[in-house]
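Residue strings, one per chain:
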Amino acid sequence: MAGGASAAGPSVRIVVAGDAKTGKSSLILTAATDAFPPSVPPVLPPTRLPDDIYPDKVPVTIIDTSSSPENRGKLVEELKKADAVVLTYACDKPATLDRLSTFWLPELRRLEVRVPVVVVGCMLDKRDEQYPVSLEQVMSPIMQQFREIETCIECSALRHIQIPEVFYYAQKAVLHPTAPLFDQEAQTLKPRCVRALKRIFILCDLDRDGALSDEELNDFQVKCFNAPLQPSEIVGVKRVVQEKLHEGVNERGLTLTGFLFLHALFIEKGRLETTWTVLRKFGYNNEIRLSEDQLPPPIKRHPDQASFVELTNDALDFLRRIFFTFDIDGNGALRSNELDDLFSTAPENPWSEGPYKDAAEKDALGGLSVDSFLSEWALMTLLDPIYSVENLIYIGYAGEPSSAIRVTRRRRIDRKKQQSDRNVYQCFVFGPKEAGKSAILNSFIGRPFPEEYQSTSDNQYAVNVVDLGGVKKFLVLREIPEDGVKRLLSSKDALADCDVAIFVHDSSSETSWKRSADLLVDVATHGEATGYEVPCLIVAAKDDLDAYLTEIQDSTRVSQDLGIEAPIPISTKLGDFSNLFRRIVNAAERPHLSIPETEAGRSRKQYHRLINRSLMFVSVGAAVAVVGLAAYRVYAARKNSSS
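Since we're looking at a predicted model, the values are computed, not measured. Residue indices begin from 1 for each chain and proceed along its sequence in written order. Totals for whole chains, interfaces and linings use every residue, but because this is a predicted model, local features are given only for residues with pLDDT of at least 70 and side-chain atom pairs only at 80 or more, for both listing and counting. Side-chain metrics rest on all non-hydrogen atoms present in the structure, leaving aside hydrogens and water.

Draft legend 1. View of the sheet that holds strand β17 (residues 500–506). Here, a strand pair is defined by DSSP locating no fewer than two bridges between the strands. Strands here are runs of E lasting at least two residues and helices are runs of H or I lasting at least four, both read from the DSSP assignment and numbered beginning at the N terminus. An order of β15-β16-β14-β17-β18-β19 is seen for the six strands of this open sheet, with the pairing classed as mixed. Each edge of the sheet is formed by a strand with only one pairing partner; in this case those strands are β15 (460–468) and β19 (568–569). Bridge analysis of strand β14 (residues 424–430) against β17 gives four bridges, and the strand direction is parallel. Counterpart to valine 429 in the pairing with β17 is isoleucine 502. Sitting on the sheet, helix α13 (residues 370–383) touches β14, β15 and β16 (471–479), and the angle it makes with β15 is about 120°. Contacts: residue pairs with any heavy atoms within 4.5 Å of one another. An axis is simply a line fitted to the C-alpha atoms; with a helix, the fit covers only the stretch in contact. Between two such axes, the angle follows the N-to-C directions and lies from 0 to 180 degrees.

Following this line, the structure appears as structure tokens:
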């Protein structure tokens, strides 16, 4: 929300807008003073309603606006800061009602003001009684077109008809909005609301028998509303559910179906505050996601720890248990339906879209093995650790959120110790178009070799486990499209996320090799200039094709000049990888090796050595001079004393 209001927020900011002479200022003054004003200024200053005027006791500030062209900038500014908007029309002027759908509501959308809207018909006392109008009949088509309208109401400031209700509905729309919870067209709970309530139900079902017993239902009531249910009330609740939905109650108590039905009933009856109270007690915000105070604080990292965050052993053990819990058929793989069930208490399946979708190896039926499952989590933690922890909590992780992740030590320290203590490594895959980058990623996660070339337009990821003699490490391959390299290297921290880089070229094409060599020099130069040097490997792809005449000599010479390993020949088509993925992890594990050194880098180092040597010479000379001066003073003192 624009103004940041929430159940515990500082205030709700309501902006009143609409055509001139539709009763905006009179509406505000009457609500604030409980008296109809004999005269009103053109635009009122911000008006604060008494804190205790409504049950939530959340302060309400009302902002009056002018619709005149010269005040357009101020109007837009206020609308963009609103928590809710009250749009007014005059009951005796049908043209002002038409303007809501022809100007005001489209204008809010154009300005991207995504807050609840309350439509208010003012000056009800002026409507001609001989022409009665049904508010529902008039507003129904507009509300169908503009779903952001929370409610409609007519009022009269002169006769004190429904004035307090206007701002009560506006405040309620902010604190207890309908849109995130309920699909008014389908008359059903929205999927995200269902998922959150399912998680809450499972958390309250302490004996895990699929129903809330009378005791569990009472504990839930006390937690959410600070008041127990009387036995007769529990019986009444279950009777209401069972009368409407037989499967909502069984011999063990209130089922999940019944629990969801109750909340749909509350919402249909306008008691949204009941469901919102429950959601907020369990840490949800207005987007029905866990609020920030439920998650770890922002991670403080040094620049060379840019993405070095990984799951702890505690979190990995939890995920292994979860995997086997949801592997219902016991075949050692999570199928899509089992994965959907696992994430059914999260706002959505986090792996349904890029970069996580299809980033890990799947079996012939599309299932994830336990290694692939953990690989997906490793990737998500690498790219967005807080989001990863959030999803861990959704699926049942009960430990302290911060205990699920750890920030690994700085790469600079790894270099000094000449080894790394991490379990997850990220490799950037560079190379020109059609060099075979995507084929390497596909092969890494078991996808078949494609017969036709497909260009990669965005960063692609592949993640899998690499076994180093019984020790398993997670390797993330990130493909960098050729036309994205310049944009990537425009940032000083471009290589901060990179543990190791490989440079792929088509060994049958001299042009491909030259372009790949240029990329290698560009990346090495950037690393030397920024202090983010990374181990680099040259990969000669398409080894099944005839190499161009001097390919081996050219690539070997460049690798020797830069001081890195000889090129690694591979053929994804033939499945011959020369232990490429192990060699990538080995290079990441020993970050002091395989770092290329350019001619410019060598010159720079030589220059610094000369400077340091000169400084050392000067300091030694100065020391000799000081010693000589001291010796002279001793000699002079002795001579004076003897004379």
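Draft legend 2. Quick look at the pattern of salt bridges. One side-chain nitrogen of Lys or Arg within 4 Å of one carboxyl oxygen of Asp or Glu is enough to make a salt bridge. All told, the structure shown has 29 salt bridges when counted by the stated rule. Where glutamate 565 meets arginine 583, a salt bridge forms, and the shortest distance between an N and an O atom there is 3.4 Å. Of this pair, glutamate 565 sits in the loop between α19 (551–562) and β19 while arginine 583 sits in helix α20 (residues 580–589), and the two are 18 residues apart along the sequence. Think of it in three bands: residues with accessible area under 20% of the maximum for their type are buried, residues over 50% are exposed, and the middle band is partly exposed, with areas taken using a 1.4 Å probe on protein chains only. The class of glutamate 565 is partly exposed, set by a relative accessible area of 31%. For arginine 583, a relative accessible area of 28% gives the class partly exposed.

Draft legend 3. Focus on the side chain of aspartate 125. Looking at where aspartate 125 falls in the secondary structure, it is placed in the loop between β5 (117–122) and α4 (135–145). The side chain of aspartate 125 sits in the buried core without any salt bridge; arginine 159 is the nearest counter-charge, 5.1 Å away. Whenever a nitrogen or oxygen atom comes within 3.5 Å of another N or O atom, the pair is scored as a polar contact, on the condition that within protein one atom can donate a hydrogen and the other can accept it, and that pairs from neighbouring residues in sequence are kept only if both atoms are in side chains. Within polar-contact distance, the side chain of aspartate 125 engages the side chain of serine 156 at 2.7 Å. Aspartate 125 has contacts with Ser156, Leu158 and Arg159, leaving out every residue within four places of it along the chain. Charge convention: Lys and Arg are scored as positive, Asp and Glu as negative, and His as well as the terminal groups of each chain are ignored.

Draft legend 4. Focus on the state of the cysteines. By disulfide we mean two sulfur atoms from cysteines, separated by a distance within 2.5 Å. Taken as a whole, this structure holds zero disulfides when the rule is applied. No disulfide involves cysteine 91; its nearest neighbouring cysteine sulfur is the one of cysteine 122, lying 7.2 Å away. Cysteine 155 carries a free sulfur, and the closest cysteine sulfur to it, the one in cysteine 122, is 4.2 Å from it. On the accessibility criterion, cysteine 155 (1% relative accessible area) is buried.

Draft legend 5. View of the environment of serine 490. Secondary-structure assignment places serine 490 in the loop between α17 (485–489) and β17. With relative accessibility at 60%, the residue serine 490 sits in the exposed group. Sequence-wise, serine 490 and histidine 526 are 36 residues apart; in three dimensions their C-alpha atoms are separated by 9.3 Å. Reaching out from serine 490, the side chain makes a polar contact with the backbone oxygen of arginine 487 at a distance of 2.5 Å.

Draft legend 6. Highlighting the nonpolar core. Each nonpolar core is a collection of buried residues, namely Ala, Val, Leu, Ile, Met, Phe, Trp, Tyr and Cys, held together in the definition by side-chain atoms within 4.5 Å. Counting residues in hydrophobic clusters, the biggest one holds 77 residues, and the most contacted among them are Ile200, Phe373 and Trp377. Sorting elements by how many residues they give to this core places helix α9 (residues 256–268) first, with eight residues. Tryptophan 377 has contacts with Leu311, Leu319, Phe343, Trp351, Ser388, Asn391, Leu392 and Ile395, leaving out every residue within four places of it along the chain. Core analysis: the next-biggest nonpolar cluster, separate from the first, contains 29 residues, Ile14, Val16, Ile163 and Phe167 among them.

Draft legend 7. Representation of the pairing of strand β4 (residues 84–90). By the criterion of burial, β4 is predominantly enclosed, with seven of the seven residues buried. Burial along β4 is two-sided: the face carrying Ala84, Val86, Thr88 and Ala90 and the face carrying Val85, Leu87 and Tyr89 are both buried. In this sheet, β4 lies alongside strand β1 (residues 12–18) in parallel orientation, the contact comprising five bridges. Residue pairing for β4: valine 16 is matched across the bridge by valine 86. Pairing of β4 with β5, which is carried by six bridges, proceeds in the parallel orientation.

Draft legend 8. Inspection of the side chain of histidine 505 at higher detail. Following the sequence through the fold, histidine 505 ends up in strand β17. A distance of 2.8 Å separates polar atoms of two side chains, one belonging to histidine 505 and the other to glutamate 551. Each residue touching histidine 505, except ones within four places of it in the same chain, is listed here: Ala435, Ser512, Trp513, Ser516, Ile538, Val539, Ala540, Ala541 and Glu551.

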